[in-house]
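Listed below, chain by chain, are the residues.
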Amino acid sequence: MRLAFFDLHLNSTDGDTVFGLDLTGPRLVRLSPNWAAPIPLPGEAAFLTFTENHYVPIPGSKKTANCSYMERWDEKLDKIRYAREKSAAVCYGASMYQPGLTPATITIRKGADQEVP
């Protein structure tokens, strides 16, 4: 898996978006309508993203919310989203056990400053 990640500032309302450039394709994939932090999975041809979407409609309401969730991307840049589509999900972090891999555990936390360590 050979990827380069870069972000682009959209505007003051939408913030930033993040792209992955597949160097073997070549092709450009937008990882999120808004911010996404790519997290490599050592020893795998895959990565996680800690993803944020702005102004997601709240079902049964005229209100919107910013939501965050995790996604896993494979070598074909297919993704698995760990949240329901069109839901105002909020993810504050995750921990993933990888038996036989290094590191054995990957922990991701979202703090008040919006950083993913």
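Higher on the page you've got the structure.
Residues numbered from 1 in each chain as written. Predicted model: local features only at pLDDT ≥ 70, side-chain atom pairs only at ≥ 80, totals over all residues. Heavy atoms only, no water.

A. Here's a closer look at the sheet that holds strand S3 (residues 27-30). Ordered in space as S1-S2-S3, the three strands form an open sheet in which the pairing is antiparallel. Whereas interior strands pair on both sides, the edge strands pair on one side only; in this sheet they are strand S1 (3-11) and S3. With strand direction ignored, the average angle separating the axes of adjacent strands in the sheet is 30 degrees. (Pairing = 2+ DSSP bridges. Helix = DSSP H or I, 4+ residues; strand = E, 2+ residues; numbered from the N terminus. Axes fitted to C-alpha atoms, helices over the stretch in contact; angles between N-to-C directions.)

B. Seen up close, the packing of aromatic side chains. Overall, the coordinates contain four aromatic pairs when judged by the stated rule. Centroid distance Phe 6 to Phe 19: 5.5 Å. Interplanar angle 20 degrees. Geometry classified as stacked. Of this pair, Phe 6 sits in strand S1 while Phe 19 sits in strand S2 (residues 15-22), and the two are 13 residues apart along the sequence. We classify Phe 6 as partly exposed; its relative accessible area is 38%. Between Trp 35 and Phe 50, the ring centres sit 6.3 Å apart and the planes meet at 65 degrees, which makes this aromatic pair edge-to-face. Linking Trp 35 in the loop between S3 and strand S4 (36-40) with Phe 50 in strand S5 (residues 47-57), this pair joins segments that are 15 residues apart in sequence. Pairwise contacts between aromatic rings join Phe 5, Phe 47 and Trp 73 into one cluster. Seen from the ring of Tyr 69, Arg 81 lies directly overhead, with NZ or CZ sitting 3.8 Å from the centre. (Phe/Tyr/Trp six-rings, centres within 6.5 Å; stacked < 30°, edge-to-face > 60°. Buried < 20%, exposed > 50% of the residue type's maximum accessible area, 1.4 Å probe, protein only. Lys NZ or Arg CZ within 6 Å of the ring centre and 35° of its normal.)

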